[in-house]
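Residues per chain, in single letters:
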Amino acid sequence: MNNSGTTGTASVNVHGNQATVDVKVDGAAETFKDGPFPHAQHIHIAAQGVCPPPSADADGDGIMSTTEGHPYYGMIGTSLTTKGDTSADSALAVDRFPGGSSYTYERTLQLTPETAQSLKNGTAVVVVHGVDPTKLPAASAMKPSDLDPKLPQAATAPAACGTLGASQMAAMPKGGADTGAPVSSHSDVAAEIGVAGAAAAVLVGSGVVMMRRRSQK
Ligand SMILES: [Cu+2]
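Residues numbered from 1 in each chain as written. Predicted model: local features only at pLDDT ≥ 70, side-chain atom pairs only at ≥ 80, totals over all residues. Heavy atoms only, no water.

- As annotated in an unreviewed UniProt entry, the protein is CHRD domain-containing protein from Kocuria tytonis.

## A closer look at the coordination of the copper ion
Think of it this way: four donors in a tetrahedron around the metal ideally sit 109.5 degrees apart, and six in an octahedron ideally sit 90 or 180 degrees apart.
Phase 1 of the analysis: Within the protein, the atoms that donate to the copper ion are His-42 (ND1), His-44 (NE2) and His-129 (NE2), at distances of 1.9 to 2.0 Å.
Phase 2 of the analysis: If you list the donors of the copper ion from N- to C-terminus, the spacing comes out as H-x1-H-x84-H. Here the residue His-42 occupies a position in strand 5 (residues 41-45), and His-129 occupies one in strand 8 (residues 125-129), the gap between them amounting to 87 residues. The residues His-42 and His-129 share a single accessibility class, namely buried. (Donors = N, O, S within 2.8 Å, 3.2 Å for Na, K, Ca; no water. Helix = DSSP H or I, 4+ residues; strand = E, 2+ residues; numbered from the N terminus. Buried < 20%, exposed > 50% of the residue type's maximum accessible area, 1.4 Å probe, protein only.)

## Observations concerning the pattern of salt bridges
Phase 1 of the analysis: In the structure shown here, the tally under the stated rule is four salt bridges.
Phase 2 of the analysis: Put simply, Lys-150 and Asp-148 hold a salt bridge, and the shortest N to O gap is 3.6 Å.
Phase 3 of the analysis: Here the salt bridges share partners, and the residues they tie into one network are Asp-59, Asp-61 and Lys-143. (Salt bridge = Lys/Arg side-chain N within 4 Å of Asp/Glu carboxyl O.)

## Regarding unusual backbone geometry
Phase 1 of the analysis: Within the chain, Asn-2 stands out as a residue other than glycine whose phi angle is a positive 55°.
Phase 2 of the analysis: By the element assignment, Asn-2 lies in the segment before strand 1 (7-15).
Phase 3 of the analysis: The class of Asn-2 is buried, set by a relative accessible area of 11%.
Phase 4 of the analysis: Even without being glycine, Asn-3 reaches a positive phi, approximately 55°.

Structure representation (structure tokens):
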């Protein structure tokens, strides 16, 4: 999204109230003030559980801000930091996020009941932030961020997004992958995520691809 060209994958393997989160990102903004471009990344929760369409740019400045996406992917449930606190308090802890144009992230962290609930009901969304300002309308890219006025909007705007859906890995213990499974069976799998299970997402950075994916359904 936001013309970022950023793509990736994310998976969450839940065991009890802990989860191992893996995120792989490519095509992200590379440098910021001579250092690696920090990419805030979060599990957003408790809204529609979808990535925002281009029309989510409510103020029409050519950039979908993080705030403009909240009605779709929800507020932050878990901050996917590299160390320390993982709550929403660490939303912009730029020195504790991965950075650069491509990276791999893995961390086992404590799940809050709220994030676990959204993983169960399919409303958990991984969002990776930070877009190369040269890919955005110039004036809008450098205006103060809606999250922190000390940062330019480009530094915090969403770059890639994917809804965490229950994966085949989660289905396997229930008797193997059965693509013809009735809806109720699928719900059983989803409901088990809070105890043990897995969820995965493909992170999509381009609005065009996102719309193609939608029309396939
Ligand atoms: Cu976020």
